[in-house]
Amino acid sequence: MTLPPTPSQTIGPYFGLALPFTGGGDIAPPWHPDAITVHGCVYDGAGDPVKDALLEFWQPAPDGSRAGAPGSLRRDPVTGQVIGRNHLKFTGFGRVPVDEDGHYLLRTLPPGGVPYISVCIFARGLLRQLYTRVYLPDRTDPDADPLLSSLPPERRATLLAVPEGERVFRFDIRLQGDGTHEETVFLAFE
């Protein structure tokens, strides 16, 4: 006898119910002079925006520390509702849902000790989340980085954010190649 799948075995989308939180994409305090913006879209294999993806970002602080600071998921003590960050401490963690156009926006500080921001992608059609990195071009020597130097140029380009202005970078995530664009390089952890 075969039992029907339970919600934890199905493909969602359940992300919009409890996982996003107020200010999830604002890792850096909004007033910080060194803040950078990373934005882009999540695309499927047909080149269409994925409207229900959720992205998590992890990074060290500008000084290279990885301990982070508590405070990302502050809750109202009376209602239990998530009220977001205190905007005073750098936590190194962000959680951002995409909008109806598949677009996301992250405001953060440049990471210290590494030239990238780690990304975890949850989306429809994925039974397991995907992991990748956003390499910031002004902090990256592609020939010196072990991962980037091991990739052919066309694959390496899928990990490099593109400068769009002062302190603004674009990083699109492609869940599959669409014939014109390469699939983003995803990482496996064992």
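Residues numbered from 1 in each chain as written. Predicted model: local features only at pLDDT ≥ 70, side-chain atom pairs only at ≥ 80, totals over all residues. Heavy atoms only, no water.

### Notes on the nonpolar core
Most often, soluble globular proteins have nonpolar side chains that are buried together. In plain terms, the rule: In this text, buried Ala, Val, Leu, Ile, Met, Phe, Trp, Tyr and Cys residues form a nonpolar core when linked through side-chain atoms within 4.5 Å. Exposure is judged per residue with a 1.4 Å probe applied to protein chains only, and the accessible area is read against the type maximum: over 50% gives exposed, under 20% gives buried, and values in between give partly exposed. Runs of E in the DSSP output that reach at least two residues are strands. Runs of H or I that reach at least four are helices, and both are numbered from the N terminus.
In this structure, Val38 and Phe57 are the most contacted members of the largest nonpolar core, which totals 28 residues. Breaking this core down by element, the ones donating at least two residues are strand S1 (36–43), strand S2 (54–58), strand S6 (103–108), strand S7 (116–122) and strand S8 (130–135). Ranked by size, the runner-up nonpolar core spans nine residues in total, among them Tyr135, Leu151, Leu159 and Val185.

### Things to note about the sheet that holds S8
Basically, it comes down to this: Should DSSP find at least two bridges between two strands, the strands are regarded as paired. For helices, the fitted line uses only the C-alpha atoms of the stretch in contact; every axis is such a line through C-alpha atoms, and the angle between N-to-C directions lies from 0 to 180 degrees.
Pairing is antiparallel across the open sheet formed by four strands, whose spatial order is S5-S2-S7-S8. In this open sheet, the two edge strands, each paired with only one partner strand, are strand S5 (93–97) and S8. This sheet shows a mean twist of 25° between the axes of neighbouring strands, independent of strand direction. Of the strand pairs in this sheet, S2 and S5 are connected by five bridges, and their pairing is antiparallel. Each bridged residue has a counterpart across the sheet, and for Glu56 the counterpart in S5 is Arg95.

### Focus on the pairing of S1
Residues in a regular strand project their side chains so that they alternate between the two faces of the sheet. Burial runs high along S1: eight of the eight residues are buried. Relative to S6, S1 runs antiparallel, the two being bridged by six bridges. If you follow Val38 over to S6, its bridge partner there is Leu106. Pairing geometry for S1 and strand S10 (residues 168–170), over three bridges, is parallel. Looking at the pairing, His39 lines up with Arg170 of S10.

### Quick notes on the packing of aromatic side chains
Quick note on the threshold: Each Phe, Tyr or Trp ring, with Trp reduced to its six-membered ring, pairs with another whose centre is within 6.5 Å; inter-plane angles below 30 degrees give stacked pairs, above 60 give edge-to-face pairs, and intermediate values give tilted ones. Each ring is checked for a lysine NZ or an arginine CZ that lies within 6 Å of its centre and within 35 degrees of its normal; such an atom marks a charge sitting over the ring.
Under the counting rule described, the total for this entry stands at four aromatic pairs. Note on Tyr131 and Phe189: the rings are 5.4 Å apart at their centroids and 90° apart in plane angle, and the pair reads as edge-to-face. Taken together, the residues Tyr131 in strand S8 and Phe189 in the segment after strand S11 (173–174) connect sequence positions 58 residues apart. On the basis of relative accessibility, which here comes to 59%, the residue Phe189 falls in the exposed class. Here the guanidinium or amino end of Arg133 rests over the ring plane of Tyr116, the centre of that ring lying 4.0 Å away.

### As for the pattern of salt bridges
Quick note on the threshold: A side-chain nitrogen of Lys or Arg and a carboxyl oxygen of Asp or Glu constitute a salt bridge if their distance falls within 4 Å.
As enumerated under the stated definition, the model contains eight salt bridges in all. Across the salt bridge formed by Glu56 and Arg95, the nearest N and O atoms sit 2.9 Å from each other. With Glu56 in strand S2 and Arg95 in strand S5, this pair connects stretches of sequence that are 39 residues apart. On the accessibility criterion, Glu56 (10% relative accessible area) is buried. With a closest N to O distance of 3.8 Å, Arg174 and Asp178 form a salt bridge. What makes Arg174 buried here is its relative accessible area of 11%. Within this structure, Asp44, Asp52 and Arg124 form a network of salt bridges that share partners.

### Some details on the environment of Val96
This is how the line gets drawn: Should any heavy atoms of two residues lie within 4.5 Å, those residues are counted as being in contact.
Within the fold, Val96 resides in strand S5. The exposure class of Val96 is buried, given its relative accessible area of 7%. For the pair formed by Val96 and Asp26, sequence separation is 70 residues and the distance between their alpha carbons is 9.1 Å. Once residues within four sequence positions are removed from consideration, Val96 is found in contact with Gly24, Gly25, Ala53, Leu54, Leu55, Phe57, Tyr104 and Leu105.

### Here we look at the confidence of the model for the protein
This is how it is decided: Scored between 0 and 100, pLDDT is the confidence that the predictor attaches to each residue.
Looking at the protein as a whole, the pLDDT averages 86, with 83% of positions reaching at least 70. Mean pLDDT across the elements of the protein ranges from a minimum in helix H1 (residues 15–18), with 56, to a maximum in S11, with 98.

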